[in-house]
There are 2 protein chains.
Amino acid sequence: MDILKTEALLRLCATLVFVLAACLDRFDTQTKFIIFLERKITFKDLKALQALVYAAFGAAGYNLLQLSRCIFFISCFHGNLSKRSYRYLAWVCYLLDQVVVYLTFATNSAAIEQSMLVVTGMKEFQWTKWCNKYTRFCFQIGGAIFCCYVACCLMAFTTFVSAFNLFRLYSPNKFLRVKNT
Amino acid sequence: MDILKTEALLRLCATLVFVLAACLDRFDTQTKFIIFLERKITFKDLKALQALVYAAFGAAGYNLLQLSRCIFFISCFHGNLSKRSYRYLAWVCYLLDQVVVYLTFATNSAAIEQSMLVVTGMKEFQWTKWCNKYTRFCFQIGGAIFCCYVACCLMAFTTFVSAFNLFRLYSPNKFLRVKNT
């Protein structure tokens with residue numbers, strides 16, 4: 001049962017950090033006068049940040065579902081599921097975990113990349129930098145990306161646990177042959 | 001032994017596709033007259049593309065090393081390694097695979113994101129698009145990113161195999177307890 005509790009804890013942390021990241025990103029806004037115009041900047045101005053909000057909320061929801069599954073198993077079955085149905089479930093969890101961790105990781109990398117462009121600008125393409133004008137906005141986005149990165153690391157540990165849960169059911173000598181225990 | 005051959009095949013394909021992606025990216029260049037100046041564009045103009053070249057060559061090298069390990073095992077040991085040393089090796093392979101697949105995936109996502117900006121531009125920030133001027137260059141970069149994406153999928157399958165190789169050595173009932181077989 002220790003492994004279920006470890007998984008539940010990891011998923012709880014991941015959910016909280018993803019929600020924090022999504023909120024930091026979603027509610028980040030700053031208004032400034034530039035020359036004659038008042039300009040408001042929000043997360044919607046950068047497509048990667050918009051994608052990050054959706055990805056973080058999605059990943060938080062997924063982890064919440066998985067967390068409730070863990071709690072259900074701990075409280076009801078005490079780990080005594082039939083081997084067969086357990087194996088199918090382990091496969092589903094493993095594959096879903098992989099998909100979610102790769103998607104959130106990709107979205108986060110894209111957001112980092114786009115944010116770096118906003119921070120540094122790009123001379124060759126005559127793209128000007130914007131972060132010297134919207135400093136507070138940029139720091140908050142930085143915080144959101146950092147949180148999302150932490151959450152991705154937590155998810156990576158979770159996939160480690162779910163891979164362990166799945167593959168320990170198989171024979172150590174034959175490929176994809178189930179063990180009899 | 002089937003599993004070793006599967007792994008070797010996956011790693012061979014991943015190596016080839018990574019090398020193809022890196023070369024497509026590295027040797028992509030286009031020169032054009034813009035207004036009065038002749039401007040040459042290469043992979044060095046976009047930092048994400050530069051990172052992609054290094055990441056793809058690095059990943060190809062890593063897969064080549066792992067491939068030679070697979071071939072060495074197939075030809076010399078016929079899979080008869082001592083359980084203890086095999087377990088340590090399985091851990092090393094699993095962890096290295098995870099690091100490499102996440103790094104290449106992140107670099108590729110960043111490159112996609114930056115390339116999309118070059119294709120679409122960004123009105124809000126007065127960033128102009130450039131792909132209407134350097135069409136051939138952009139198509140070749142698109143090909144490189146596609147190849148890198150295929151290679152990442154191959155690497156994801158490889159990590160699946162290395163996770164299987166590692167965790168099947170463990171007991172199905174106790175957490176991180178080695179099986180006796």
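Here the structure is a predicted model, which is why all the values come from computation and not from measurement.

A.B. asks: Help me understand the overall build of chain A, please; the structure alone is not making it clear to me.
C.D. replies: In terms of helices and strands, chain A carries 4 helices and 2 strands. Each helix and strand of chain A, placed in order from N terminus to C terminus, yields the pattern α-β-β-α-α-α. Contacts in chain A between residues at least 24 apart in sequence constitute 77% of all its contacts with a sequence separation of at least 6. Approximately 9200 Å² of chain A is accessible, and the part contributed by carbon and sulfur atoms is 70%.

A.B. asks: Explain the packing of helix α1 (residues 2-26) of chain A against helix α4 (residues 135-167) of chain A to me, please; I cannot follow it from the model alone.
C.D. replies: When two helices pack together, you describe them by how their axes are tilted relative to each other and by the distance separating the axes. All names here are of chain A. Packing of α1 against α4 brings their axes to within 8 Å, and their N-to-C directions diverge by 160 degrees. On the basis of the axis angle, α1 is roughly antiparallel to α4. In this structure, α1 crosses over α4, and the sense of that crossing is left-handed.

A.B. asks: Even after reading the chapter, I still don't get the pairing of strand β2 (residues 37-42) of chain A, so can you show me in this structure?
C.D. replies: The side chains of a regular strand alternate, first on one face of the sheet and then on the other. Residue and element names in this part refer to chain A. Pairing analysis gives 6 bridges linking strand β1 (residues 29-34) to β2, with the strands arranged antiparallel. If you follow Thr-29 over to β2, its bridge partner there is Thr-42. Hairpin remark: β1 followed by β2, antiparallel, with 2 residues in the connecting loop; positive phi at Ile-35, about 60 degrees.

A.B. asks: Which parts of the structure should I look at to understand the pattern of salt bridges?
C.D. replies: Opposite charge on two side chains permits them to pair, given that their charged atoms come into close proximity. A complete count under the given rule lists 8 salt bridges over all chains for this structure. Linking A:Arg11 and A:Asp97 is a salt bridge whose minimum nitrogen-to-oxygen distance equals 2.8 Å. On the criterion of sequence distance, the pair formed by A:Arg11 in helix α1 and A:Asp97 in helix α3 (residues 83-120) is long-range, its members being 86 residues apart. What makes A:Arg11 buried here is its relative accessible area of 0%. Its salt-bridge partner being B:Glu7, residue B:Arg11 comes within 3.0 Å of it at the nearest N-O pair. Of this pair, B:Arg11 and B:Glu7 both sit in helix α1 (residues 2-26), 4 residues apart, which is roughly one turn of the helix. You'll find B:Arg11 and B:Glu7 in the same group, each marked buried. A single salt-bridge network, built from bridges that share partners, covers A:Glu7, A:Arg11, A:Arg69 and A:Asp97.

A.B. asks: What am I meant to see in the packing of aromatic side chains here?
C.D. replies: Aromatic ring pairs are defined here through the distance separating the ring centres and the angle between the ring planes. In total, this model carries 23 aromatic pairs over all chains according to the counting rule given. Geometrically, the ring pair formed by A:Tyr94 and B:Phe160 is tilted, given 6.1 Å between the ring centres and 45 degrees between the ring planes. Pair noted here: A:Tyr94 is in helix α3 and B:Phe160 is in helix α4 (residues 135-167), and the two residues belong to different chains. B:Phe160 gets classed as buried once you look at its relative accessible area, which sits at 17%. Connected via pairs of aromatic rings, a cluster forms that spans A:Trp91, A:Tyr94, A:Phe167, A:Tyr170, B:Phe160 and B:Phe164. One Lys or Arg, A:Arg69, reaches over the ring of A:Phe73 and ends 5.5 Å from the middle of that ring. A cation over an aromatic ring shows up here: A:Arg87 above the ring of A:Tyr88, its NZ or CZ 5.8 Å from the ring centre.

A.B. asks: What exactly am I supposed to notice about the state of the cysteines here?
C.D. replies: Should the sulfur atoms of two cysteines be covalently bonded, the bond is a disulfide. Taken as a whole and judged by the stated rule, the model has 0 disulfides over all chains. Just so you know, A:Cys70 is unpaired, no disulfide at all, and the nearest cysteine sulfur is the one on A:Cys93, 7.6 Å from it. Of all cysteine sulfurs, the one in B:Cys148 lies closest to B:Cys147, which takes part in no disulfide; the gap is 8.3 Å.

A.B. asks: Help me understand the environment of B:Leu9, please; the structure alone is not making it clear to me.
C.D. replies: Inspection of the secondary structure assignment puts B:Leu9 in helix α1. Residues B:Leu9 and B:Ile35, 26 residues apart in the sequence, show an inter-C-alpha distance of 51 Å.

A.B. asks: Quick question: what am I supposed to make of a nonpolar patch on the surface here?
C.D. replies: Residues A:Ile35, A:Phe36 and A:Leu37 make up a contiguous nonpolar surface patch of roughly 460 Å² in combined accessible area. Of note, A:Ile35 is situated in the loop between β1 and β2.

A.B. asks: Is there a simple way to think about the nonpolar core in this case?
C.D. replies: One broad trend across soluble globular proteins is that nonpolar side chains are buried collectively. A:Phe18, A:Phe167, B:Phe18 and B:Phe167 are the most contacted members of the largest nonpolar core, which totals 101 residues. Listed by contribution, the elements that provide at least two residues to this core are α1, α2 (47-77), α3 and α4 of chain A together with α1, α2 (47-77), α3 (83-120) and α4 of chain B. Discounting residues that sit within four places of it in the chain, B:Phe167 has contacts with A:Phe160, A:Ala163, A:Phe164, A:Phe167, A:Arg168 and B:Tyr94.

A.B. asks: What is the right way to look at the packing of α4(A) against α4(B) in this model?
C.D. replies: Close contact between α4(A) and α4(B) brings their axes to 9 Å; oriented N to C, the two are set at 60 degrees. It follows from the interaxial angle that α4(A) and α4(B) lie oblique. Handedness of the crossing formed by α4(A) with α4(B): right-handed. Residues A:Phe160, A:Ala163, A:Phe164 and A:Phe167 of α4(A) lie in contact with α4(B), whose contacting residues are B:Phe160, B:Ala163, B:Phe164 and B:Phe167. In the contact of α4(A) with α4(B), the residues fall into 8 nonpolar, no polar and no charged.

About the thresholds
Residues numbered from 1 in each chain as written. Chains lettered and ligands numbered in written order. Predicted model: local features only at pLDDT ≥ 70, side-chain atom pairs only at ≥ 80, totals over all residues. Heavy atoms only, no water. Helix = DSSP H or I, 4+ residues; strand = E, 2+ residues; numbered from the N terminus. Contact = heavy atoms within 4.5 Å. Areas by Shrake-Rupley, 256 points an atom, 1.4 Å probe, with all protein chains shown as cover. Axes fitted to C-alpha atoms, helices over the stretch in contact; angles between N-to-C directions. Parallel < 35°, antiparallel > 145°, perpendicular 65-115°, else oblique. Left-handed = near helix turned anticlockwise from the far one by under 90°. Pairing = 2+ DSSP bridges. Salt bridge = Lys/Arg side-chain N within 4 Å of Asp/Glu carboxyl O. Buried < 20%, exposed > 50% of the residue type's maximum accessible area, 1.4 Å probe, protein only. Phe/Tyr/Trp six-rings, centres within 6.5 Å; stacked < 30°, edge-to-face > 60°. Lys NZ or Arg CZ within 6 Å of the ring centre and 35° of its normal. Disulfide = S-S within 2.5 Å. Patch = residues over 30% accessible without salt bridge, like charges linked within 9 Å, V, L, I, M, F, W, Y side chains within 5 Å. Core = buried A, V, L, I, M, F, W, Y, C linked by side-chain atoms within 4.5 Å. Nonpolar A, V, L, I, M, F, W, Y, C, P; charged D, E, K, R; others polar.

In short, geometric facts, not functional conclusions.
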